[in-house]
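So you can see what is in the structure, the chains are spelled out below.
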Amino acid sequence: MKPLVVNTAKGLAIRIRGFVLPDIRRVMEIEEESALDGDSALYLELYEEWRGGFLVVENDDRVVGFVVLVLTPEGEGRIFSLAVDSRYRAGGIGRTLLKVAFNTLRKNKIGFVRLEVRVTNQVAQRLYRSLGFLEVGFVPYYYKDGEGAVLMRKVL
Ligand SMILES: CC(C)(COP(=O)(O)OP(=O)(O)OC[C@H]1O[C@@H](n2cnc3c(N)ncnc32)[C@H](O)[C@@H]1OP(=O)(O)O)[C@@H](O)C(=O)NCCC(=O)NCCS
């Protein structure tokens, strides 16, 4: 995508652009501190599968967040991963990034988006609900540490 310079609703100046390979170090730092389950090989594989689905957010030329979208065999979008550097949270980055991700999916004629989120991750669940996601299921032991996932889905 063409880089997008915006202010979040909370007044933070950010730039959203497509992932490039040198971003992987920052992406993995943010993903590790966020206790997500991915590894760099998987992220790079998903990037190769759909380059347009991997977006990063910069503040002052530093990568401070990212979202990875994948397309499911059923033709739906899936948010594989979303995280914001802990020092930049609650500044509106996650909400802004998700809206840009929805537009990316819409441009690809995708009508639904789904995701899995930890049962205990109330912050993310609140964010997703406020953006129109509905709870559609539960997957026990979804994460490596044994925690279950809430399945959520949204019409785009
Ligand atoms: C979930 C996450 C991406 C949100 O990013 P963010 O940039 O902090 O989110 P925003 O500032 O856009 O806030 C969006 C909403 O999240 C909720 N929220 C954010 N920070 C919060 C906090 N500290 N306490 C409670 N709710 C909070 C609020 O509902 C907020 O809504 P508002 O815009 O009406 O205030 C971020 O917290 C994160 O990286 N968490 C760790 C990784 C993760 O959980 N990823 C999702 C996996 S499914």
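Residues numbered from 1 in each chain as written. Predicted model: local features only at pLDDT ≥ 70, side-chain atom pairs only at ≥ 80, totals over all residues. Heavy atoms only, no water.

**With respect to the pairing of strand S6 (residues 112-118)**
- Most of S6 is tucked away, with 5 of its 7 residues classed as buried.
- Across 3 bridges, strand S5 (residues 77-84) lies against S6 in parallel orientation. In the strand pairing of S6, Ile 79 is matched with Leu 115.
- At this point the chain moves from S5, through helix H3 (residues 93-107), to the parallel S6, and the crossover so formed is right-handed.
- Here S6 runs beside strand S8 (residues 149-155); their pairing, made up of 7 bridges, is antiparallel. Residue pairing in the sheet places Arg 114 in a bridge with Arg 153 of S8. (Buried < 20%, exposed > 50% of the residue type's maximum accessible area, 1.4 Å probe, protein only. Helix = DSSP H or I, 4+ residues; strand = E, 2+ residues; numbered from the N terminus. Pairing = 2+ DSSP bridges. Right-handed = clockwise from strand over helix to strand, strands pointing away.)

**Here's the deal with the site of the ligand**
- Near the ligand, the surroundings consist of 20 residues, among which Leu 82, Val 84, Gly 92, Gly 94 and Asn 121 are the closest.
- Measuring from an oxygen atom of the ligand, one finds a backbone N or O atom of Arg 95 at 2.9 Å.
- Within the complex, the protein chains bury 75% of what would otherwise be the 910 Å² of accessible surface of the ligand.
- For the shell around the ligand, the secondary-structure elements that each account for two or more residues are S5, H3, S6 and helix H4 (122-130).
- Looking at the shell around the ligand element by element, the count peaks at 5 residues for H4.
- Residue classes in the shell around the ligand are distributed as 10 nonpolar, 5 polar and 5 charged. (Near = heavy atom within 4 Å. Polar contact = N/O pair within 3.5 Å; in protein donor to acceptor, adjacent residues only side chain to side chain. Areas by Shrake-Rupley, 256 points an atom, 1.4 Å probe, with all protein chains shown as cover. Nonpolar A, V, L, I, M, F, W, Y, C, P; charged D, E, K, R; others polar.)

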